[in-house]
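Observations on the three-dimensional arrangement
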Amino acid sequence: MKNEVLSCIETRRSVRAYEGRQVEEEKLRAVLRAGTFAASGMGRQAAQIVVVQDAETIGALSRLNAEIWGTEGDPYYGAPTLLLVFADSEVRTFVEDGCCVLTTLMLAAHAVGLGTCWINRERQMFEREEGRELMRRWGLSSSMKGIGALSLGYPAEEPKAPAPRKADYIKRV
């Protein structure tokens, strides 16, 4: 079966090298709007998306993430934009809701010609005082927890082909 959405799902890949140019506002808005339509438990919309395009803030986030990861490299792969996803921990499905937002953002970005990579360690980053201070500066509630982030931009190279799907991925019972 040919379908644009199914094709987008099958061809999306993680991007780990980005061009230096910034994402155009029109594309960014389209991706962000799509993220707001992600599924959420009982429609509560527990997640919030924080857009970071300031190089100094991206650098600070990169250093903090790298420290937690135990590396000196850039965990965001030089992306010109970061999309940080938080969710309200007072909502039982906050982790699932945030994950749905991240997935929807990835697919929307791919659909408009942008690349992403889901980055972890945001929970740990925003449990630290430096991270909590950023959350306060951004006006986020203390009940918000970091779920994950996406590096976002134009891929600097063609992503690798997908690995073959494992034979027992699906079980019918």
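The model shown is predicted, which means the values in this text are computed figures rather than measured ones.

Let's shift gears to the state of the cysteines. All told, the structure shown has zero disulfides when counted by the stated rule. C117 supplies the cysteine sulfur nearest to C8, a cysteine that is in no disulfide, at a spacing of 16 Å. Taking the relative accessible area as the measure of exposure, C8 reaches 12% and is therefore buried. A disulfide-free cysteine, C117 has its sulfur positioned 14 Å from the sulfur of C99, the nearest such atom. Residue C117 is classed as buried on the basis of its relative accessible area, which comes to 2%.

All told, the structure shown has seven salt bridges when counted by the stated rule. The partner of E67 in a salt bridge is R128, with the nearest N and O atoms 2.5 Å apart. Taken together, the residues E67 in helix α3 (residues 55-69) and R128 in the loop between α5 (122-125) and α6 (129-137) connect sequence positions 61 residues apart.

The terminal C-alpha atoms of helix α4 (residues 94-111), which comprises 18 residues, lie 26 Å apart, in line with the 26 Å expected from a rise of 1.5 Å per residue. Among the residues of α4, F94, D97, G98, V101, L102, L105, M106, A108 and A109 are the ones counted as buried. Where α4 is buried, its residues contact α2 (25-35), β1 (47-52), β2 (81-88), β3 (115-119) and β4 (144-153). Two residues or fewer past α4, G113 is found with a positive phi of approximately 90°.

Look at α2 against α4: their axes get within 8 Å of each other, and the N-to-C directions meet at 145°. Read as a crossing pair, α2 and α4 show a hand that is right-handed. Residue-level inspection shows V31, L32, A34 and G35 of α2 in contact with α4, the latter providing V101, T104, L105, A108 and A109. Within the contact of α2 with α4, the residues separate by chemical class into seven nonpolar, two polar and no charged.

For the rest of this paragraph, the subject is the packing of aromatic side chains. What the rule picks out here adds up to three aromatic pairs. For the pair F86 and F126, a centre-to-centre distance of 4.8 Å together with 70° between the ring planes defines the contact as edge-to-face. One end of the pair, F86, is in strand β2; the other, F126, is in the loop between α5 and α6, and 40 residues separate them in sequence. Assessed through its relative accessible area of 5%, F126 is described here as buried. Residues F86 and W138 carry aromatic rings whose centres are separated by 6.5 Å and whose planes lie at 70° to one another, so their mutual orientation is edge-to-face. Of the two residues, F86 is situated in strand β2 and W138 in the loop between α6 and β4; the sequence distance between them amounts to 52 residues. Each residue in the set F86, F126 and W138 is aromatic and connected to the rest through ring pairs, giving one cluster. One cation-aromatic arrangement involves R21 over Y154; the distance from NZ or CZ to the ring centre is 3.6 Å. Note that R121 overlies the ring of W69, its terminal NZ or CZ placed 4.3 Å from the centroid.

The four strands are arranged β1-β2-β4-β3 in an open sheet whose pairing can be described as antiparallel. Every interior strand has two partners, whereas the edge strands, β1 and β3, have only one. Between one strand axis and the next, the sheet turns through 25° on average, direction left out of account. Pairing of β1 with β2 involves six bridges; the strand directions are antiparallel. Paired with V50 across the two strands is L84, which belongs to β2.

What counts, and where the lines are drawn
Residues numbered from 1 in each chain as written. Predicted model: local features only at pLDDT ≥ 70, side-chain atom pairs only at ≥ 80, totals over all residues. Heavy atoms only, no water. Disulfide = S-S within 2.5 Å. Buried < 20%, exposed > 50% of the residue type's maximum accessible area, 1.4 Å probe, protein only. Salt bridge = Lys/Arg side-chain N within 4 Å of Asp/Glu carboxyl O. Helix = DSSP H or I, 4+ residues; strand = E, 2+ residues; numbered from the N terminus. Expected span 1.5 Å × (residues − 1). Contact = heavy atoms within 4.5 Å. Axes fitted to C-alpha atoms, helices over the stretch in contact; angles between N-to-C directions. Left-handed = near helix turned anticlockwise from the far one by under 90°. Nonpolar A, V, L, I, M, F, W, Y, C, P; charged D, E, K, R; others polar. Phe/Tyr/Trp six-rings, centres within 6.5 Å; stacked < 30°, edge-to-face > 60°. Lys NZ or Arg CZ within 6 Å of the ring centre and 35° of its normal. Pairing = 2+ DSSP bridges.

Note that all results are geometric; they support no functional claim without further evidence.
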